[in-house]
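Reading the structure
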Amino acid sequence: MNLSELLKEIEIKQVLGSVQVGITGIAFDSRAVKPGNLFVCISGFQTDGHRFAPDAIEKGAAAIIAEQDLHELGVTCIIVENTRRALAQVSAAFYQHPDRRFCLIGITGTNGKTTTTYLVKSVLEAMGKKVGLIGTNQNMIGTEIIPSKHTTPDSLELMRLFTRMADKGVDYVVMEVSSHSLALDRVTACTFDVGAFTNITQDHLDFHKTMEEYLAAKAILFQISKVGAVNADDKGAEYLMQHASCEKMLTYGIDADCDLKASEVELNENGVFFTLTYEGKTYPVELGIPGKFSVYNAMTALSCLAAAGIPMDQAVAGLKVARGVKGRIEVVETGRDFGVIIDYAHTPDGLKNVIQTIRGFAKRRIITVFGCGGDRDKTKRPKMGKIASEMSDFSVLTSDNPRTEDPEAIIEDVLVGVKEGGGNYIVIPNRFEAIEYALDHAEKDDIILLAGKGHETYQILADRTIAFDEREIVRKLLDAPSGN
Ligand SMILES: CC(=O)N[C@H]1[C@@H](OP(=O)(O)OP(=O)(O)OC[C@H]2O[C@@H](n3ccc(=O)[nH]c3=O)[C@H](O)[C@@H]2O)O[C@H](CO)[C@@H](O)[C@@H]1O[C@H](C)C(=O)N[C@@H](C)C(=O)N[C@H](CCC(=O)O)C(=O)O
Ligand SMILES: Nc1ncnc2c1ncn2[C@@H]1O[C@H](COP(=O)(O)OP(=O)(O)OP(=O)(O)O)[C@@H](O)[C@H]1O
Ligand SMILES: N[C@H](CCC[C@H](N)C(=O)O)C(=O)O
Ligand SMILES: [Mg+2]
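Residues numbered from 1 in each chain as written. Chains lettered and ligands numbered in written order. Predicted model: local features only at pLDDT ≥ 70, side-chain atom pairs only at ≥ 80, totals over all residues. Heavy atoms only, no water.

Per an unreviewed UniProt entry, the chain carries the name UDP-N-acetylmuramoyl-L-alanyl-D-glutamate--2,6-diaminopimelate ligase and comes from Ructibacterium gallinarum. The chain has a UniProt comment under Catalytic activity (unreviewed entry) that states "UDP-N-acetyl-alpha-D-muramoyl-L-alanyl-D-glutamate + meso-2,6-diaminopimelate + ATP = UDP-N-acetyl-alpha-D-muramoyl-L-alanyl-gamma-D-glutamyl-meso-2,6-diaminopimelate + ADP + phosphate + H(+)". (UniProt positions renumbered as here; feature names shortened; annotations may be inferred.)

1. Some words on the site of ligand 1
Around ligand 1, the surrounding shell holds 23 residues, and the nearest of these are Phe-45, Gln-46, Arg-84, Thr-151 and Ser-178. Thr-151 is positioned with one of its side-chain polar atoms (N or O) 2.5 Å from an oxygen atom of ligand 1. When ligand 1 is considered free in solution it has 1100 Å² of accessible area, and contact with the protein chains removes 76% of it. Class assignment of the residues belonging to the shell around ligand 1 gives a composition of 6 nonpolar, 11 polar and 6 charged. Residue assignment places the shell around ligand 1 across two domains, with domain 1 (3-94) and domain 2 (98-320) each supplying three or more. (Near = heavy atom within 4 Å. Polar contact = N/O pair within 3.5 Å; in protein donor to acceptor, adjacent residues only side chain to side chain. Areas by Shrake-Rupley, 256 points an atom, 1.4 Å probe, with all protein chains shown as cover. Nonpolar A, V, L, I, M, F, W, Y, C, P; charged D, E, K, R; others polar. Domains from an automatic or database assignment.)

2. Brief notes about the sheet that holds strand S1 (residues 14-16)
Pairing between sheet strands relies on hydrogen bonds along the backbone, with the strands arranged either parallel or antiparallel. As summarised here, the arrangement of the 5 strands in space is S1-S5-S4-S3-S2, forming an open sheet in which the pairing is mixed. The two strands at the open ends of the sheet, each matched to only one other strand, are S1 and strand S2 (25-27). Here the strands of the sheet are splayed against their neighbours by 20° on average, with no regard to which way each runs. With 3 bridges connecting them, S1 and strand S5 (residues 76-79) associate as antiparallel partners. Along S5, the bridge assignment pairs Val-15 with Ile-78. (Pairing = 2+ DSSP bridges. Helix = DSSP H or I, 4+ residues; strand = E, 2+ residues; numbered from the N terminus. Axes fitted to C-alpha atoms, helices over the stretch in contact; angles between N-to-C directions.)

3. Concerning the packing of helix H10 (residues 292-307) against helix H11 (residues 312-320)
The N-to-C vectors of H10 and H11 enclose an angle of 145°; their axes lie 10 Å apart at closest approach. Note on packing geometry: the crossing formed by H10 with H11 is right-handed. In contact with Ala-298, Leu-302, Leu-305 and Ala-306 of H10, H11 contributes Met-312, Ala-315, Val-316 and Leu-319. A per-class count over the contact of H10 with H11 returns 8 nonpolar, no polar and no charged. (Left-handed = near helix turned anticlockwise from the far one by under 90°. Contact = heavy atoms within 4.5 Å.)

4. Some points on the domain arrangement of the chain
One can read the domain layout of the chain as domain 1 (3-94), domain 2 (98-320) and domain 3 (330-479). Here domain 1 and domain 2 have C-alpha centroids that lie 33 Å from each other. Contacts between the two partners involve 12 residues from domain 1, matched on the other side by 11 residues from domain 2. Interface area for domain 1 against domain 2, summed over the two sides, is near 960 Å², with a carbon-plus-sulfur share of 69%. (Buried area = accessible area lost by both parts, 1.4 Å probe.)

5. A look at the site of ligand 3
Lining the immediate surroundings of ligand 3 are His-204, Tyr-344, His-346, Gly-373, Arg-376, Asp-400, Asn-401, Arg-403, Gly-452 and Glu-456. A distance of 2.7 Å separates a nitrogen atom of ligand 3 from a polar side-chain atom of Asp-400. Measuring from a nitrogen atom of ligand 3, one finds a side-chain N or O atom of Glu-456 at 3.2 Å. Its free accessible area being 350 Å², ligand 3 has 88% of it covered by the protein chains. Here the residues of the shell around ligand 3 sort into 1 nonpolar, 5 polar and 4 charged.

6. Concerning unusual backbone geometry
Of note, the phi angle at His-204 is positive, near 55°, even though the residue is not glycine. Structurally, His-204 can be placed in the loop between strand S11 (192-197) and helix H7 (205-208).

Below you can see the structure in the form of structure tokens.
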């Protein structure tokens, strides 16, 4: 493709050199440059991509997009205000806006994104549609699995993935839209047919600094979506409604006045049951995942489907046969007289919800094995510690993914809250040993909650990533038969 074609879609400050240059592809990492590529220089959090422009040119880059004048390096240099934004725009232009070839549904919010994307996919598939999915656990095209590195890929990777999905004939793509992706322009060049919001509670303050900034990032989704769907019961709803520019906004909830309203809510250990009122009609809704938050996840999914034009009776019928998601209130079959549940709760609100849900059906003690991730929001640590300690009968404080931080130092941060909570606890930094301890000390009818790592099958330590599949570890320690 000719550079001049690509440039039609970006906001340019200055063009230094000829725009009549053939472009074979795009790269924003010098290590991935191929001859004839357009190299986009990004000033990042770790290093500055402008520094790698000479390497990129040596590898054959035919032109560069930068925030500084790098024309003296010998190839055409396009100067823009924001290269992350330009990367999204040229990527969309190069791949010819693949998201226009299917219905795109995006879901943002602190908790519930992965779960609701799976619910939407499941309903659409029950109707015979071909669906792409993008998110934390994995990306999918129908049943084909494409591993994911991020919850929301970078803008270039995203356009490649969309193209692959469109070429395979998907009718819908349902994706998680993380606040990082909104703030870092990963989805800037997309047009969402539907954008939905689950909730906002504390997370990622290492990156967004304040809750206001975090919510403002989420609001961007409602500036690039045609129809919006917002949880009206959530404290973030008002701000999002005020800052939205969608053609239409739908609201959903249990308590507030809204377009899709849930009432007569019943919760039990097998799932949730409620009545949905929408456009003057009522529908009995059933979802086989327990917890009050599952009512909200069902409502988010139904709102997305309604906004995408799916008849409500079909949406409700599809939800009834939807299954749970790996690592979200996942019951591990142990063949013992106590239970083990794996859940991805890694925020104060997530942890509170999952323990509360288990309390609803636990016959005896809840033993919570948990820790907090390294290189992530430190201020959530004591809060999670307090919740675990107050709400569980016994806590085993251990490590999550320590990453580059000292595991003992992370535990110290969490311990402040655990002590404040006043519950019984033990500290076992090695997560394998912590799980072993919980299994050894579980008694009849207890439930062990392994929180924080959910679907993850690895643990990220300082210098290496080790295999760590909690369901396999539990089975191995109990010498139980391998499940699926
Ligand atoms: C804060 C953040 O999101 N950072 C992402 C960002 O890194 P960055 O822009 O700081 O990049 P950098 O490392 O400083 O490098 C700057 C530039 O130099 C380039 N470079 C670098 C080295 C070299 O030799 N040559 C070269 O050209 C790099 O490719 C880059 O373009 O761009 C990188 C490339 O896309 C990402 O890998 C990186 O994700 C980091 C690793 C990350 O951990 N992100 C997490 C926090 C994240 O995005 N999480 C969200 C939310 C999770 C959830 O709640 O579900 C997600 O969507 O996954
Ligand atoms: N609607 C909800 N409200 C509050 N907590 C929830 C909700 N749905 C799920 N959770 C809790 O949060 C955890 C994470 O859920 P899920 O993976 O669906 O969220 P996510 O938004 O995709 O998270 P991430 O930001 O890591 O991608 C679950 O394991 C559960 O404990
Ligand atoms: N996507 C989330 C998940 C964290 C999961 C937890 N296991 C951790 O490593 O902190 C994040 O990046 O904050
Ligand atoms: Mg997710």
